[in-house]
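Inside the fold
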Amino acid sequence: MAATEENVPEFLYHVKRTITDFHEDKSGATRITDILNTFTNLQAAKSAAHAALVAEGYVKDDFEVYEENNGQESWSHGDGAVVFAKAPAGQEFEVRLDTKPNTMKLKGNASGEVDGILHYVLQTTINYNNDRIGGIQTTEIEGTYPTRKAAYEAAHTALLDEEVQKESFAEYDEKEQFQGEWPYGEDCFVHAVAETGENFNVFVKAQPHAHKHHSCKHHAGGKCECECKHTEKGCKHRACKHDDCQC
């Protein structure tokens, strides 16, 4: 929901969950990052972050390691991390709070959460000069948008500004223009390599599982039961099989 100028919250607080799949890839380069919730109230965001994995259906006792950051001096998982968990098979889960400017003037509800289905532009940076296997990487939220169309448009300029153009990169590929099979994943829309060796992937992702709650006109505007395209390893983002749904 957009806010009026006089009551626009200055910041958004995002609950970001990353799964590093050491079971399938010992390097740690295989990761899935999703934004689970967005808030205008910091305390509400902290509470949601602490409960995030349970809210996704995970059971604390099923993890080999499950740690929460309650301000203890012994916390070893970095600033911003709220939960760290490790599954017996080796997958590691991290839930963080990311604070970003509220550039789209979004408004929270009575509970401090931004209503509606949000779409995020995410940028993953991998510097293979420092780590050839790609295990050292960061994913940042570049923008939060109330529509998928707005997020797509922003993704195409996420790496560019007045000084940095497509020609500034050693490689710059966009999904729509790519010849052959796109190798960077369904949610990735831009891949670029800087002259310095840094690799950039720009993604557009909705909140995971959000497709279960959107209004689809093919179902009389009610809850959509469309099969998600990402059921093989669990739902990763909202995806309805009806192309004309305003998802």
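1. Topic: the sheet that holds strand β8 (residues 171-174)
What the 5 strands build is an open sheet, ordered β7-β6-β10-β9-β8; its pairing is antiparallel. With partners counted over all chains shown, the strands left at the sheet margins are β7 (137-145) and β8, one partner each. Neighbour-to-neighbour, the strand axes of this sheet turn through a mean angle of 15 degrees, independent of strand direction. Summarising the sheet, β8 and strand β9 (residues 188-193) pair through 4 bridges and their orientation is antiparallel. Paired with D173 across the two strands is H191, which belongs to β9. Together, β6 (119-127), β7, β9 and β10 (198-206) form the strand contacts of helix α3 (residues 148-155), whose direction differs from that of β6 by roughly 30 degrees.

2. Regarding the sheet that holds strand β2 (residues 31-39)
Overall, antiparallel pairing links the 5 strands, which are arranged β2-β1-β5-β4-β3 in an open sheet. Across the chains shown, the open sheet's two edge strands, defined by having one partner strand only, are β2 and β3 (65-68). Across this sheet, the average inter-strand angle for adjacent strands is 20 degrees, counted without regard to direction.

3. A look at the confidence of the model for the chain
Within the chain, residue pLDDT values average 85, and 81% of them lie at 70 or more. Predicted confidence is poor over residues 212-247, with pLDDT under 50, and the contacts of this stretch with residues over four places away or in other chains come to 71 contacts.

4. Topic: the nonpolar core
Ranked by size, the top nonpolar core spans 19 residues in total, and within it V15, F39, L53, F93 and V95 carry the most contacts. Listing elements by their share of this core, those giving two or more residues are β1 (11-20), β2, α1 (42-50), α2 (52-55), β4 (81-86) and β5 (92-101). No other element matches α1, which puts 4 residues into this core. Each residue touching V15, except ones within four places of it in the same chain, is listed here: D34, I35, L36, N37, F39, A45, A48, A49, A52, V95, R96 and L97. L160, F169, A192 and V202 belong to the second largest nonpolar core, which has 16 residues in total.

Parameters at a glance
- Residue positions are given per chain, counted from 1 along the sequence in the order it is written.
- Owing to the predicted nature of the model, reporting of local features is limited to residues with pLDDT of at least 70; listing and counting of side-chain atom pairs is limited to 80 or more, with chain, interface and lining totals taken over all residues.
- Water and hydrogen atoms play no part in the side-chain values, which are based on all heavy atoms of the structure.
- Two strands are said to pair when DSSP picks up at least two bridges between them.
- Counting from the N terminus, the helices are DSSP H or I runs at least four residues long and the strands are E runs at least two residues long.
- Axis lines are fitted to C-alpha atoms, over the contacting stretch for helices. Their N-to-C directions set the angle, which ranges from 0 to 180 degrees.
- We call two residues in contact whenever any of their non-hydrogen atoms come within 4.5 Å of each other.
- Every residue is assigned a pLDDT by the predictor, reflecting its confidence on a scale from 0 to 100.
- Only buried residues count toward a nonpolar core. Its members are Ala, Val, Leu, Ile, Met, Phe, Trp, Tyr and Cys residues joined through side-chain atoms within 4.5 Å.
- Using a 1.4 Å probe on the protein chains alone, a residue whose accessible area is under 20% of its type maximum counts as buried, one over 50% counts as exposed, and one in between counts as partly exposed.

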